[in-house]
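Each chain, letter by letter, is given below.
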Amino acid sequence: MNGVDESTAEAAGQGCKTQSSRLALVRDLFIFWFVIFLVVLCWTNNILVTAILIAAYGLRYYFWPNKEDHVLYIGGAILGPIAEIIATKVGIWQYTLPTFCNIPLWLPFAWGFAAVLIIRIALAFVKK
């Protein structure tokens, strides 16, 4: 009898984890698309787009903190723009409103936030 109760409790715990993972996935997908929408809407104002990206990451971290996110964010904010600077220097593409090194001010923040969201979304698919 006790074994049945433990199995039921364990199954219920797994159900909560699965539901929690689904909610996290939906949340992060919503944040991803909402931020893209705002960036597309405000793309001509580098300072506003930068503020939107910083605020979006700050709000996400405030409500759903994970210390690993800072490492992902900083890694993305450094590595992504380096690739962009190289690509723009050799002429592969260019930005309409660059502010330094042929890239816009907001691009490191976009790469950092994208790194966090991509990893979190991918992890939601691999967690059981």
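Provided above is the structure to which this section pertains.
Since the structure is predicted, the reported quantities are computational estimates derived from the model, not experimental observations.

### Remarks on helix 2 (residues 46-63)
Phase 1: When the terminal C-alpha atoms of helix 2 are compared, their 26 Å separation across 18 residues agrees well with the 26 Å that a helix rising 1.5 Å per residue should span.
Phase 2: Taken together, the buried positions of helix 2 are occupied by Asn 46, Val 49, Thr 50, Ile 52, Leu 53, Ala 56, Tyr 57 and Arg 60. With its buried residues spanning 160 degrees around the axis, helix 2 presents them on a single face. For helix 2, the exposed residues lying more than 90 degrees away from the buried face are Ile 47, Tyr 62 and Phe 63.

### What about the nonpolar core?
Phase 1: Counting 20 residues, the largest nonpolar core has Val 35, Val 49, Leu 53, Trp 106 and Phe 113 as its most contacted members.
Phase 2: Among the elements of the structure, helix 1 (2-42), helix 2 and helix 4 (107-126) are those that each provide at least two residues to this core.
Phase 3: The leading source of residues in this core is helix 4, at seven residues.
Phase 4: Beyond its immediate stretch of four places on either side in the chain, Leu 53 contacts Val 35, Val 39, Trp 106, Phe 109 and Ala 110.

### Some remarks on helix 3 (residues 68-89)
Phase 1: When the terminal C-alpha atoms of helix 3 are compared, their 32 Å separation across 22 residues agrees well with the 32 Å that a helix rising 1.5 Å per residue should span.
Phase 2: Within the span of helix 3, buried status applies to Asp 69, Tyr 73, Gly 76, Ala 77, Gly 80, Pro 81, Glu 84, Ala 87 and Thr 88.
Phase 3: In this structure, the buried residues of helix 3 make contact with helix 2 and helix 4.
Phase 4: Positive backbone phi, at 90 degrees, marks Gly 91, one or two positions downstream of helix 3.

Cut-offs and rules
Residues numbered from 1 in each chain as written. Predicted model: local features only at pLDDT ≥ 70, side-chain atom pairs only at ≥ 80, totals over all residues. Heavy atoms only, no water. Helix = DSSP H or I, 4+ residues; strand = E, 2+ residues; numbered from the N terminus. Expected span 1.5 Å × (residues − 1). Buried < 20%, exposed > 50% of the residue type's maximum accessible area, 1.4 Å probe, protein only. Arc of directions from axis to C-beta. Core = buried A, V, L, I, M, F, W, Y, C linked by side-chain atoms within 4.5 Å. Contact = heavy atoms within 4.5 Å.

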